[in-house]
Each structure stands twice: as structure tokens, then as C-alpha cells.
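Letter by letter, the chains look like this.
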There are 2 protein chains.
Amino acid sequence: MNIGQAANASGVSAKMIRYYEATGLIPAASRTDAGYRNYTENDVHVLRFVRRARDLGFSVAEIDGLLQLWRNRRRRSADVKRIALGHIEDLRQRIADMQEMAGTLQQLVMGCSGDDRPDCPILADLEQPSAAAAGEPKRRRGAVDEPGVRKRKTPRR
Amino acid sequence: MNIGQAANASGVSAKMIRYYEATGLIPAASRTDAGYRNYTENDVHVLRFVRRARDLGFSVAEIDGLLQLWRNRRRRSADVKRIALGHIEDLRQRIADMQEMAGTLQQLVMGCSGDDRPDCPILADLEQPSAAAAGEPKRRRGAVDEPGVRKRKTPRR
DNA sequence: CCTTGACCTTCCAACGATGGCAAGGTCCAT
DNA sequence: ATGGACCTTGCCATCGTTGGAAGGTCAAGG
């Protein structure tokens, strides 16, 4: 089976199949004399596994762990469950963050006349976050502190 | 005010301030003789606006639009509202997608013993999505169709 | 005056997952 | 033999953000 057929059969694009191979998520496919990648039904099975896991929002790194457990007949289901629970927790956190954003915006939007006049509580809040709309200071995903203000012995002029 | 002080005062990292300047989101700051960027209280005000908008999940492109409206005293609040509503819709869609993922996973996790045994419905579902857990086929954010299967007049051997 | 260290500058690379395009080789039916 | 669908590799773009390197500046303290 060629890569295009494997792509059709698995729902993973040919591009991504090559990418997964290059990054080591899946083993390198065998090649024909002409250099074409060759796939078996089993390979497609693996690809479908990957596809499904992506659909469930697992990162490629997580899928790597899941694939190893999948292949390991002596795995402990606890390990699988841990990965899944961690991912659920991640999803819940992101959902909560986005719900808070949406809720705040909804509040602001409701106060906006949405006509030809310039006055708008949305812009007003962006300018000076109101206590009501600001909520607890949240950290965006992946955001990390700056190196921190290193102290100067005497204040800057 | 130096960039570091503007960063501290606005909550936007110095790195990002330079980035926003380079991409044209904010105007280029004036410079000292030595080439240091110089910021005013008003610049910090703009940066806080940007920061707040990022916290609410607006993309940089959307913030660009919001900033222009903010600066325009003859803006129509309807334009602001439209951007906000579009963003809310986007958030809701993503929330729904993630909730579905989390729900499916929660189902699977509940069926997993999470002990030393290898049997695990989570892996089983990844292998062969069950109708119950599969749901309607959803499209991941940004996912786009492959070029499509171009038809071969006769089937491949 | 010189050193130190905190700060600033620019430039380049990386992340994650995916798509797009280009230049070239292969396979197969007509 | 020709055409066209397919394959190959490789590089670029996305998006927002961080990290680092190499080097210049500034102020305080010895």
C-alpha cells in the first residue's frame, strides 16, 4: 500500500504520516525499490490509533506514551489511565479559562449598544479592566515569568 | 522609561513589546542617543490594553482591529461589538470541542480499572473507536482537507 | 578610572502540528 | 510514448512566545 492509500484508509494525511515517521512517533516504513513507502494493514491500524488520539486532543508526546503502552502487553492500565486523566485535567483547565474569557466578554458585550455611537464598555474595559470583569489574575497557557526584576542597589534616576 | 520598566508597568514582557513593535501592532518607540527605546505613560497604557485583550483571548490580528477602533473617536461601537461577538463564538466552539473530548475521555476512564492489569477500554477505544464514544466526526481547529482523492480510471492493483 | 552587573540592542532559533509549494522521479492506462 | 496521478525530499509559513548569543550602555562602588 502506498502512502496515499494508507492516508485515505487511516484518516491521517500523507504529510503527517511522513512527519510522524520523521519525528519517531511511528517506525519508518519499508520502501520499494523506487523509494516509495510501503504500508501494511497493521501500519494503518497504528495510524488510525494516532488519528483517534489526536481527535481526542492528545498531544503527540502523549500519543507516544499511549502507543508504547498499547504495544506493551504487560502494561498496567493504571499508566494509561494516568495519561488520560492528566489530559482531561488539562482540557478542563483550558475549558475553564476560555469560559471565563467568554463570560467576561459576554458581560461586556451586553453593555455595548452596538450602534453608530463610539461609546463602548468593551473598549473601556480593555483600557481599564474593571474589578467586576477582571477576575483573578490568570496566567495564559505556556506563559512564563520574565527573568524577574533584578534589584538595583539604588533606584534608577 | 526604559523597555524593562514599561514591561513591568504594563505586564507585557520586553520581548513581546519589541515583537509587537516589529510587527506593527504598536508604533515604534522613540530612542535615546544610545538606541534605547523610550516609553511614556501613554505607551504603557496602550500596552496594558494589549495585555488585557490577550488575556481575554483575542488574537493579535483582532487586537490590531480593537486598537484602531480605540484610537478612533468616530468609531461605531457596533464594530467593536462585532469583533467581540466573533471572538465569543470562536471561544464557544472551542469550548464545545474540548468538552466533547473531555466527556468521551471521562467515559473511557470510568471504565478503566487503573490497576496492574493491562486491559483498558481507553486503549481499546483508540484502537477501534466505539460508536458510543466516537460521536460525530469533528474537524480539528485549522484542519483542512487533503487535495482529495483524484480518481484513477481503473482501480489500483 | 575601572570593574561589575544590570540593563539594553539585534538577530536567529525553537516550540507543535499542519499545510503549501516546488522540482524531480515513478507507475500505469491509454 | 504520453499524460497524469502519484511518490520523493526539502524548504517555507503559520501563531505567540521564549531562549540564547554577541555585543553596547549605564550607573554605582572600589
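See the structure above.
Residues numbered from 1 in each chain as written. Chains lettered and ligands numbered in written order. Predicted model: local features only at pLDDT ≥ 70, side-chain atom pairs only at ≥ 80, totals over all residues. Heavy atoms only, no water.

A. Quick look at the interface of chain B and chain A. Each side of the interface is counted separately: chain B has 64 residues, and chain A has 64 residues. Each partner contributes to the roughly 5600 Å² buried at the junction of chain B and chain A, and carbon and sulfur atoms together form 64% of this total. Linking chain B with chain A are four salt bridges, by the criterion used here. Note that Arg52(B) is salt-bridged to Asp125(A), the shortest N-O span being 2.8 Å. Seen at the junction of chain B and chain A, the total is 20 residue pairs in polar contact (both at pLDDT 80 or more). Per-element accounting of the side of chain B that touches chain A gives the leading share, 20 residues, to helix α5 (residues 77-110) of chain B. Of the residues belonging to the side of chain B that touches chain A, the class tally is 30 nonpolar, 14 polar and 20 charged. (Contact = heavy atoms within 4.5 Å. Buried area = accessible area lost by both parts, 1.4 Å probe. Salt bridge = Lys/Arg side-chain N within 4 Å of Asp/Glu carboxyl O. Polar contact = N/O pair within 3.5 Å; in protein donor to acceptor, adjacent residues only side chain to side chain. Helix = DSSP H or I, 4+ residues; strand = E, 2+ residues; numbered from the N terminus. Nonpolar A, V, L, I, M, F, W, Y, C, P; charged D, E, K, R; others polar.)

B. Molecular detail of the packing of aromatic side chains. Residues and elements named next belong to chain B. One pass over the full model with this rule turns up four aromatic pairs over all chains. Ring plane angle 55 degrees and centroid distance 5.9 Å describe the contact between tyrosine 19 and tyrosine 20, whose orientation is recorded as tilted. Given the relative accessible area of 5%, tyrosine 20 is considered buried. Consider the rings of phenylalanine 49 and tryptophan 70, whose centres lie 4.3 Å apart with planes at 20 degrees: the pair is stacked. Residue phenylalanine 49 is located in helix α3 (residues 41-55), and its partner tryptophan 70 is located in helix α4 (residues 60-71); the two are separated by 21 residues in the primary sequence. (Phe/Tyr/Trp six-rings, centres within 6.5 Å; stacked < 30°, edge-to-face > 60°. Buried < 20%, exposed > 50% of the residue type's maximum accessible area, 1.4 Å probe, protein only.)

C. Up close: the relation of the copies chain B and chain A. Relative to chain A, chain B is turned by 180 degrees and slid 0.0 Å along the rotation axis, the superposed coordinates differing by an RMSD of 0.2 Å. In the structure described here, the two chain copies are related by an operation that fits a two-fold rotation axis. Identified as the residue of chain B closest to the rotation axis by C-alpha distance is Ile95(B), at 2.9 Å. Most of the interface of chain B is mirrored in chain A, where 100% of its interface residues again form contacts. (Least-squares fit on C-alpha atoms with pLDDT ≥ 70 in both.)

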